[in-house]
Amino acid sequence: MNTTLSLLTKNVRGVLAASAAFSVMATAPVFAQEAEKSVKAEDVEQIAVVGSRAAPRSVADSAVPIDIISDEEFKQQGATDMVSMMQTVVPSFNVNDQPINDASTLVRPANLRGMASDHTLVLVNGKRRHRSAVITFLGGGLSDGAQGPDISVIPAAALKQVEVLRDGAAAQYGSDAIAGVINFVLNDASEGGMFEARYGSYYEGDGDMIQLSGNVGMPLSDKGFINLSAEYRTADDTSRSVQRADAAGLIAAGNTYVADPAQIWGSPEIKHDIKLFANLGLELSNTAEAYMFGNYAEREVEGGFYFRNPHNRGGVNDGGTNEDGEQLLLVGDLTGDMSGNCPTDIVVGDNVLENPRYINEVLNNPDCFAFNEILPGGFTPRFGGTVTDMSLVFGTKGELDNDITYDVSLNLGQNEVDFAISNTINPSMGPDTPFEFSPGRYTQSEQTLDIDFTKPFDVGFHEPLFVATGFQYRNESYESFAGDTASYEIGPLATQGFGIGSNGFPGLAANSQGRVSRNNIAFYIDAEAYITESFMLAGALRYEDFSDFGDTTKGKIAFRWQALDNIAFRGAFSTGFKAPTLGQSNVRNVTTAFGTGGQLIDRATLPPTDPVSQLKGGEQLTPEESKSITFGVVADFDNGLFITADYYNIELTDRISTASGIALTEEDIATLLAQGINDASSFSEISFFTNDFDTTTEGLDVVANYAMEMMGGETKFSLAYNWTSTEVDRASDNISDYRIRMLEDNLPAVRYSATANHTNGDWRFLARLNYYGSIFEDHLDSALPIEKISSEITVDLEVAYNVTEEFTVTVGAKNAFDEYPDENNTDAGGITYAEIAGSAYPTTSPIGINGGFYYLRGVYTF
């Protein structure tokens, strides 16, 4: 339900804070209005500023754990994108870099409480945020196949605060809220503003970043506001690569055309990143108001891809092997009637370019062709695309007779990704191939109607029983558009063993494009009240009916007990679900990945109901189901020390993910070709989405805050600690042992950050220590054994000075001591992981692979 979460403060126990944007169990703007009549002005002000740096980060009087992060906390760190900012300030929020990881390069998947990126519901101003069109086919194991919202399109300049509900909430908000809810509250100031300029670079001298952002508030007549925000950012790519062993061998053998390094591992280039947000409100009467907010964002990203070896790249140079096991060169006959008598037995040796047979029978023979003629050093594609995001929400809310409040809104959202790949070829087109392709685009569209009501009832409890009820209708569609013809064309050399489509990311064929849609309706009811002065009880029930797979009913119950003046206990039990997305049920995609045999292959991800998938066990997807328990303690001492500790346990059954790569036999390919699937000969492996495993995730979040006077100023200390453990309880044969290990151990079991923020006059000093526990990485999608990566500690430092009341200059460093993860130096049969892959460091390391980052920031406020 798209409503406001209840924030019960010490001063007004049970008050639903109107400024807090979403409530634990029920919307109750009437209650907030009643509170304003009965408490002092300064108490109301304390409610309105909850979440600022002067207040605890977690709401003390909530029945479930909520972090409230002020806009200032986002400004006091070196990260520039919203996903990385969230990781710094939320204890159980994890994200890592995504170099050479297909669509994950465009939208990085993030994980809350050990769940996949689409297990967290995202709201803006309390309204459901639409999904991204990007499906993270390679999501580091945990988020493989996830399709969540793209929160990186939200500029920090647009925010008033961010609220993170760390508890299962599907019974309140519907699908996806298994791990929790993140609500981005937009700035609603009607005056003033700011402008910020920021520059940063990595210690290595690459990844230069420039960001400009601003916010301005203006009155809308004398009864409303218009708040506008904008951000523009560019960033150069980085490289933490070493030369691959196979590329080094080619160079040593005399092939001077191979680049050094042949393959780039690092952050992608952000060519441009534009974000615009608007938030408007207007008082219509003493009891009603209208509101509207929306955004437009566009981001173009380009990153590296895997090196194509000119001797053995499948579908390009690989002609098989002879009886002695020697690698042969793939040679095509250009005559059309196969009269060229082109050789099929040329042994590539150490350097085929020096082979006399290649020179005489191929290079100097116009009837025969090998890609070594135009790409003698092989090639490394550049992959990326443009992500466009837009939304518009408008509605009205107010108070009717008998203390009934209402909120009616219409929510329109769309996200589109237009893929691009360059420095590659369509092998089947031979020498006529272009080298740049637009392999297709995908669009996710959603429209939501919300009608919400709340009313307090005096039933003899210590405080009124607040009841919320409402209705939601949501329609969503997922549309795929064909790429340019050359990106999927079946060229004249296809029958001779050459691959079809743009190599690395074949285009979506015209006969595979299309649009699928569904709708669902939901009804909910919540209730919440202080039964006694010290005991609060809340419950929720939600029914949803989807047009494509049926209905479901979920519930939740929560409590809070003030056991002592300074100690309270809280807890919740809930059931939840996540509906399979339209993208997961219908998308078609082919990507390059390391196959089960350790070599680069083309893996096709197909709908689970596709004949190819069904041949290997694919079935119609069903919803994921969850049971969640949270229990915690809140301690708020008179000396200012504030601590919350919350245990959680989430049982998730029928989890949706992509199956591990399933190799196709020659018989399989022949069957597919007979079914009219003409490009089946290009597939080495297939994958599809499947409900094939269950997990239990448990963990502990600890948040602590303390402030004290010291050294002539004030210092605020904070700690955010998380322990998470996941076990795979059930898995089918479609989920490999490597995938299971990644699901269980690819996130740090323990992660915490400890921050000290000291203010003295015009100066401010910040130091933050970040600890990341050890993880296990499945190198290159099962191509190499799983390796343990040691725990790491990084330190962030920042110094700010107020030059004037309006202008502040900040210098800082993220990972100030330039820490890197363990090097990829594990021996794999006389060769290191780094030499096999070309990556100096484990690519899923939680501290990243780029090292230290310094920045300079200037902020002017008015």
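Further up the page is the structure itself.
Everything quoted here is computed from the prediction, not taken from an experiment.

1. Some details on the environment of Gly-377
Turning to step 1, where the next piece is worked out: By secondary structure assignment, the location of Gly-377 is in the loop between strand E16 (368–369) and strand E17 (382–399).
Turning to step 2, where the next piece is worked out: Note: C-alpha distance between Gly-377 and Ala-262 (115 residues apart in sequence) is 9.1 Å.
Turning to step 3, where the next piece is worked out: Residues contacting Gly-377, with those up to four places away along its chain left out, are Asn-255, Tyr-257, Val-258, Phe-307 and Pro-310.

2. Quick notes on the sheet that holds strand E1 (residues 66–70)
Turning to step 1, where the next piece is worked out: Within the open sheet, the five strands sit side by side as E1-E6-E7-E4-E5. Their pairing is mixed. The open sheet terminates on both sides in strands that have one partner only, identified here as E1 and strand E5 (127–128).
Turning to step 2, where the next piece is worked out: Of the strand pairs in this sheet, E1 and strand E6 (residues 159–165) are connected by five bridges, and their pairing is antiparallel. Each bridged residue has a counterpart across the sheet, and for Ser-70 the counterpart in E6 is Gln-161.

3. A few points about unusual backbone geometry
Turning to step 1, where the next piece is worked out: The residue after Asp-260, namely Pro-261, is reached through a cis peptide bond having omega 0 degrees.
Turning to step 2, where the next piece is worked out: Tracing the backbone shows Pro-261 in the loop between helix H6 (245–252) and strand E11 (269–285).
Turning to step 3, where the next piece is worked out: Of note in this structure, Asn-815 is not a glycine but carries a positive phi near 60 degrees.
Turning to step 4, where the next piece is worked out: Classification of Asn-815 as buried rests on a relative accessible area of 6%.
Turning to step 5, where the next piece is worked out: Of note, the phi angle at Asp-818 is positive, near 55 degrees, even though the residue is not glycine.
Turning to step 6, where the next piece is worked out: Its place among the elements puts Asp-818 in the loop between strand E37 (807–814) and helix H13 (833–837).
Turning to step 7, where the next piece is worked out: Residue classification places Asp-818 among the partly exposed residues on the basis of a relative accessible area of 28%.

4. Overview of the side chain of Gln-584
Turning to step 1, where the next piece is worked out: Note on placement: Gln-584 falls in helix H9 (residues 582–586).
Turning to step 2, where the next piece is worked out: In this structure the side chain of Gln-584 is engaged in a polar contact, spanning 3.4 Å, whose partner is the side chain of Asp-118.
Turning to step 3, where the next piece is worked out: In contact with Gln-584, other than residues within four places in its own chain, are Asp-118, Ile-135, Gly-145, Ala-146, Gln-147, Lys-578, Pro-608, Leu-621, Ile-656 and Phe-689.

5. Some words on the pairing of strand E20 (residues 465–482)
Turning to step 1, where the next piece is worked out: Here strand E19 (residues 436–457) runs beside E20; their pairing, made up of 18 bridges, is antiparallel. Bridge pairing in E20 links Leu-449 to Tyr-473.
Turning to step 2, where the next piece is worked out: Where E20 lies against strand E21 (residues 514–530), 15 bridges are found, and the strand directions are antiparallel. Residue pairing for E21: Gln-472 is matched across the bridge by Ala-522.

6. Focus: the pattern of salt bridges
Turning to step 1, where the next piece is worked out: As enumerated under the stated definition, the model contains 35 salt bridges in all.
Turning to step 2, where the next piece is worked out: With a closest N to O distance of 2.8 Å, Arg-244 and Asp-246 form a salt bridge.
Turning to step 3, where the next piece is worked out: Lys-275 is paired through a salt bridge with Asp-273; the nearest N and O atoms lie 3.8 Å apart. Here Lys-275 and Asp-273 have matching classes, each one buried.
Turning to step 4, where the next piece is worked out: Here the salt bridges do not stand alone but share partners, grouping Glu-196, Arg-198, Arg-764, Glu-798 and Arg-857 into one network.

7. Focus on the nonpolar core
Turning to step 1, where the next piece is worked out: Ranked by size, the top nonpolar core spans 36 residues in total, and within it Phe-74, Met-86, Phe-93, Val-162 and Phe-184 carry the most contacts.
Turning to step 2, where the next piece is worked out: Listed by contribution, the elements that provide at least two residues to this core are helix H4 (82–89), strand E2 (93–95), strand E3 (110–112), strand E4 (120–124), E6, strand E7 (180–186), strand E12 (288–303) and strand E28 (642–658).
Turning to step 3, where the next piece is worked out: No other element matches H4, which puts five residues into this core.
Turning to step 4, where the next piece is worked out: Once you skip the residues sitting within four places of it in the chain, Met-86 turns out to touch Phe-74, Phe-93, Ile-151, Val-162, Val-164, Ile-182 and Phe-184.

8. Focus: the state of the cysteines
Turning to step 1, where the next piece is worked out: For the coordinates displayed, the defined rule picks out one disulfide.
Turning to step 2, where the next piece is worked out: Put simply, Cys-342 and Cys-368 are joined by a disulfide, and their sulfur atoms are 2.0 Å apart. Judged by the torsion about the S-S bond (-100 degrees), the Cys-342/Cys-368 disulfide is left-handed. Within this pair, whereas Cys-342 is found in the loop between strand E15 (332–333) and helix H7 (356–363), its partner Cys-368 is found in strand E16, the two being separated by 26 residues in sequence.
Turning to step 3, where the next piece is worked out: Using a relative accessible area of 16% as the deciding quantity, one classes Cys-342 as buried.

9. Some words on the packing of aromatic side chains
Turning to step 1, where the next piece is worked out: Per the stated rule, a full pass over the model turns up 25 aromatic pairs.
Turning to step 2, where the next piece is worked out: Seen in terms of ring centroids, Tyr-820 and Tyr-841 are 4.9 Å apart; in terms of plane orientation they differ by 20 degrees. Their pairing is stacked. One end of the pair, Tyr-820, is in the loop between E37 and H13; the other, Tyr-841, is in the loop between H13 and strand E38 (853–861), with 21 residues separating them in the sequence.
Turning to step 3, where the next piece is worked out: For Tyr-820, a relative accessible area of 15% corresponds to the buried category.
Turning to step 4, where the next piece is worked out: Look at Tyr-841 and you get buried, because its relative accessible area is 13%.

Rules behind the numbers
Residues numbered from 1 in each chain as written. Predicted model: local features only at pLDDT ≥ 70, side-chain atom pairs only at ≥ 80, totals over all residues. Heavy atoms only, no water. Helix = DSSP H or I, 4+ residues; strand = E, 2+ residues; numbered from the N terminus. Contact = heavy atoms within 4.5 Å. Pairing = 2+ DSSP bridges. Buried < 20%, exposed > 50% of the residue type's maximum accessible area, 1.4 Å probe, protein only. Polar contact = N/O pair within 3.5 Å; in protein donor to acceptor, adjacent residues only side chain to side chain. Salt bridge = Lys/Arg side-chain N within 4 Å of Asp/Glu carboxyl O. Core = buried A, V, L, I, M, F, W, Y, C linked by side-chain atoms within 4.5 Å. Disulfide = S-S within 2.5 Å. Phe/Tyr/Trp six-rings, centres within 6.5 Å; stacked < 30°, edge-to-face > 60°.

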